[in-house]
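Structure assessment
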Amino acid sequence: MSPLKKTHVEGLKKSITGRVISPQDKDYDEARTIWNSMIDKKPAVIVQVAKAGDVPHAVRFAREHQLELSVLGGGHHIAGNSLAENGLTIDFSNMRKVTVDTQSKRARVEPGATLADFDKATLAHGLATPTGINSTTGIAGLTLGGGFGWLTRQYGMTIDNLLSARIVTAEGKTLKVSENENSDLFWAIRGGGGNFGVVTEFEYQLHNMNPEVYAGLIVFPFIEAKNIMKQYREFSKSAPKELNVWIVIRHAPPLPFLPEDQHGKMVIVLAVFFNGSADKGESLTEFLKGFGNPIGDHIGMQPYTQWQQAFDPLLTPGMRNYWKSHNFRSIENELIDTVNKHAATIPTPHTEIFLGSISGVQNDIPANATAYSARDARYIVNVHGRWEKPEDDKRCISWCRKFFDATKPFASGGAYVNFMTEDESERVPSAYGANYERLVSLKQKYDPDNLFHMNQNIVPEPLARK
Ligand SMILES: Cc1cc2nc3c(=O)[nH]c(=O)nc-3n(C[C@H](O)[C@H](O)[C@H](O)COP(=O)(O)OP(=O)(O)OC[C@H]3O[C@@H](n4cnc5c(N)ncnc54)[C@H](O)[C@@H]3O)c2cc1C
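Residues numbered from 1 in each chain as written. Predicted model: local features only at pLDDT ≥ 70, side-chain atom pairs only at ≥ 80, totals over all residues. Heavy atoms only, no water.

1. Some points on the overall build of the chain
When helices and strands are counted, the chain shows 15 helices and 18 strands. By the compact-globule yardstick of 23 Å for 466 residues, the chain fits well, its C-alpha radius of gyration being 22 Å. Structurally, the chain occupies a C-alpha span of about 65 × 55 × 45 Å along its principal axes. By the burial criterion, 59% of the 466 residues in the chain qualify as buried. Nonlocal contacts in the chain, meaning residues at least 24 apart in sequence, comprise 73% of its contacts between residues at least 6 apart. Entry remark: accessible area of the chain is about 18700 Å², with carbon and sulfur atoms responsible for 50%. (Helix = DSSP H or I, 4+ residues; strand = E, 2+ residues; numbered from the N terminus. Rg over C-alpha atoms; globule rule 2.2 N^0.38 Å. Buried < 20%, exposed > 50% of the residue type's maximum accessible area, 1.4 Å probe, protein only. Contact = heavy atoms within 4.5 Å. Areas by Shrake-Rupley, 256 points an atom, 1.4 Å probe, with all protein chains shown as cover.)

2. Observations concerning the nonpolar core
The biggest cluster of nonpolar side chains holds 42 residues, and the ones touching the most others in it are Y232, I249, L270 and I353. If we skip the residues at most four places from it in the chain, I353 touches I247, V248, I249, V339, A343, I346, V381, N382, V383, W399 and F403. Of all hydrophobic cores here, the second largest spans 40 residues; its members include V100, M420, V428 and I458. (Core = buried A, V, L, I, M, F, W, Y, C linked by side-chain atoms within 4.5 Å.)

3. Examining the UniProt feature "domain: FAD-binding PCMH-type" (unreviewed entry) in the chain
Residues given the UniProt feature "domain: FAD-binding PCMH-type" (unreviewed entry) here are residues 39–209. For the annotated span residues 39–209, helix accounts for 22% and strand for 26% of the residues, and the straight-line distance between the end C-alpha atoms is 37 Å. (UniProt positions renumbered as here; feature names shortened; annotations may be inferred.)

4. Structural notes on the site of the ligand
Surveying the vicinity of the ligand reveals 34 residues, the closest of which are G73, G74, G75, F148 and Y416. Here an oxygen atom of the ligand and a side-chain polar atom of N418 are 3.2 Å apart. Against a free-state accessible area of 950 Å², the protein chains account for coverage of 97% of the ligand. Those elements that provide at least two residues to the shell around the ligand are strand 3 (69–72), helix 5 (139–145) and strand 10 (198–205). At four residues, helix 5 tops the list of elements feeding residues into the shell around the ligand. The residue inventory of the shell around the ligand, partitioned by class, reads 17 nonpolar, 17 polar and no charged. (Near = heavy atom within 4 Å. Polar contact = N/O pair within 3.5 Å; in protein donor to acceptor, adjacent residues only side chain to side chain. Nonpolar A, V, L, I, M, F, W, Y, C, P; charged D, E, K, R; others polar.)

5. Details of the environment of T370
Relative to the elements of secondary structure, T370 occurs in the loop between strand 17 (352–357) and strand 18 (379–387). Among the residues examined, T370 registers a relative accessible area of 2% and is labelled buried. Spatially, the C-alpha atoms of T370 and W187 are 5.1 Å apart, while their sequence positions differ by 183 residues. With residues up to four places along the chain from it excluded, the contact list for T370 reads I159, D160, W187, R190, R375 and N435.

6. Comments concerning the side chain of D312
Mapped onto the elements of the fold, D312 is located in the loop between helix 10 (304–307) and strand 16 (320–328). Notably, D312 is buried but unbridged: the nearest opposite-charge side chain belongs to R386, and the N-O separation is 10 Å. Side chain to side chain, D312 and S135 meet in a polar contact 2.5 Å long. What D312 contacts, discounting residues up to four positions off in sequence, is I133, N134, S135 and T136. (Lys, Arg positive; Asp, Glu negative; His and termini not counted. Salt bridge = Lys/Arg side-chain N within 4 Å of Asp/Glu carboxyl O.)

7. What to know about the packing of helix 1 (residues 6–15) against helix 3 (residues 54–64)
When two helices pack together, their arrangement is given by the angle between their axes and by how far apart the axes lie. The geometry of helix 1 relative to helix 3 is characterised by a closest axis approach of 9 Å and an angle of 160 degrees between their N-to-C directions. On the basis of their axis angle, the class for helix 1 and helix 3 is roughly antiparallel. Like other packed secondary-structure pairs, helix 1 and helix 3 cross with a definite hand, here right-handed. Contacts between helix 1 and helix 3 involve H8, V9, L12 and S15 from the former and D54, H57 and F61 from the latter. Residues that form the contact of helix 1 with helix 3 fall into these classes: three nonpolar, three polar and one charged. (Axes fitted to C-alpha atoms, helices over the stretch in contact; angles between N-to-C directions. Parallel < 35°, antiparallel > 145°, perpendicular 65-115°, else oblique. Left-handed = near helix turned anticlockwise from the far one by under 90°.)

8. Comments concerning the pattern of salt bridges
All told, the structure shown has 26 salt bridges when counted by the stated rule. Across the salt bridge formed by R63 and D449, the nearest N and O atoms sit 2.7 Å from each other. Of this pair, R63 sits in helix 3 while D449 sits in the loop between helix 14 (436–446) and helix 15 (461–465), and the two are 386 residues apart along the sequence. Using a relative accessible area of 34% as the deciding quantity, one classes R63 as partly exposed. One salt bridge in this structure joins E181 and K176, with 4.0 Å as the shortest N-O distance. A residue is classified by how much of its surface remains accessible, and E181, at 36% relative accessible area, is partly exposed.

9. Some thoughts on the sheet that holds strand 4 (residues 88–91)
Spatially, four strands are ordered 1-2-4-3 in an open sheet, and the strand pairing comes out mixed. Among the strands making up the open sheet, the edge pair consists of strand 1 (19–21) and strand 3. Each strand axis lies, on average, 20 degrees off the axis of its neighbour in the sheet, ignoring direction. The sheet contact formed by strand 3 and strand 4 spans four bridges and is parallel. (Pairing = 2+ DSSP bridges.)

10. Quick notes on the environment of E224
Here E224 shows up in the loop between strand 12 (212–221) and helix 8 (225–238). Relative accessible area serves as the criterion here: at 14%, E224 is assigned to the buried category. On a C-alpha basis, the gap between E224 and T174 in space is 55 Å, while along the polypeptide they are 50 residues apart. When sequence neighbours within four positions are dropped, the list of residues in contact with E224 reads G292 and N293.

11. Looking at the packing of helix 11 (residues 333–343) against helix 12 (residues 393–407)
The contact between helix 11 and helix 12 brings their axes to 10 Å, and the two run at 165 degrees. Our classification of the angle between helix 11 and helix 12 gives roughly antiparallel. Read as a crossing pair, helix 11 and helix 12 show a hand that is right-handed. Taken together, the residues of helix 12 that come into contact with helix 11 (itself represented by L335, T338, V339 and H342) are W399, K402, F403, A406 and T407. In the contact of helix 11 with helix 12, the residues fall into five nonpolar, three polar and one charged.

Listed below in structure tokens is the structure:
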């Protein structure tokens, strides 16, 4: 890497309409702070782009000065690849516009938009598309890895609703990608992460959406977990696609609807989302409550945008995080036993075991239709190891890894790149399964020098052989 001189940075500033931030600038530390506080990287330069036209200049500058290049969307990826140590980070935080066309039910979205930005703009027109469950997540990284949330059973993954994108390639060229234009690249970015270029605009298909949904939490004591998970398994096989129920096992937070003596105790929570009428939601909920003896519930009609933010208080930035996840086709009895055995030793009050259902429309799509290939996955189990102090790193990471190893025998073998930590590069081929070979050859075509490697990296063929 060539040392970056002040004159180089001054030259870069002249070509960029946005801001170029260097370590001596007063807001440098703020600009390099991302969601997972374990990541403490110091880029040589942060380019806060103001328009798509800034991006090719930043890409060419990184190439010319042999700077490691990273792209910062919402800054949520657990691995922290959005920052490049001593490199150049393209930061989209000032490009968050969402433009909705109500006629065609489409949204054009700038890559710095958060899920909250997206939901607010689309819901204003009674429209939505599947995204994730934490509103501060970036739409860019979420989409490029696949993207799933409460609406996924009904409308598929986020990528299944992506119509086109604009992307700046390693050469600094801007291409439009869709089913009809540069369709190979369009295939690759639907799951291939940031491997193929810098996306400057996404275009999504939207769906009619009720402003209010029936949603909330039913909380049971942990002692009932095994029984509840078994009933959940049977129920979820035939549940309507408008209903999505996820399981969370953790220490009870001090939620106002829970008795105070239950705060801090281990619980199993059913997080319920129903995109339908209050009457039907209520009867489905009554059935779910019968799975055990709830210690509290808080459920009813609420604005969809409110439910999309319901988990934000538990997923705040600034904590230390280490996550591990597997995909599953089914929930075997042995998986239930293993989850519960490990839950009993959960290492911190903030750590949670989360089991989400993605069973539905996404399973009907062929595995080779997009780079994301886990079309057989019906559930994702993700342990969110979360803690406050660096001295707990070893203990918490070790617990997450043990959980991961113990649940592996029951997993479907794929992986979700959006949940992979930085030490999981060996899982990248299995994450893409039979699609991996095609991705390697497209990487060779579009980024033979592997300029875009700050991601769950697909290494181009000749480099992979070295
Ligand atoms: C609290 C929390 C909740 C989550 N919930 C869900 C969920 O419900 N569903 C789900 O599917 N996932 C979920 N995720 C995972 C999430 O999808 C990934 O972390 C995703 O990468 C976040 O995107 P981002 O833009 O915020 O991340 P960033 O860290 O900014 O980006 C991640 C990577 O994406 C690439 N990238 C970002 N922007 C661009 C761009 N414009 N062009 C090219 N490459 C780019 C880069 O390689 C970058 O390193 C969650 C994560 C967190 C931390």
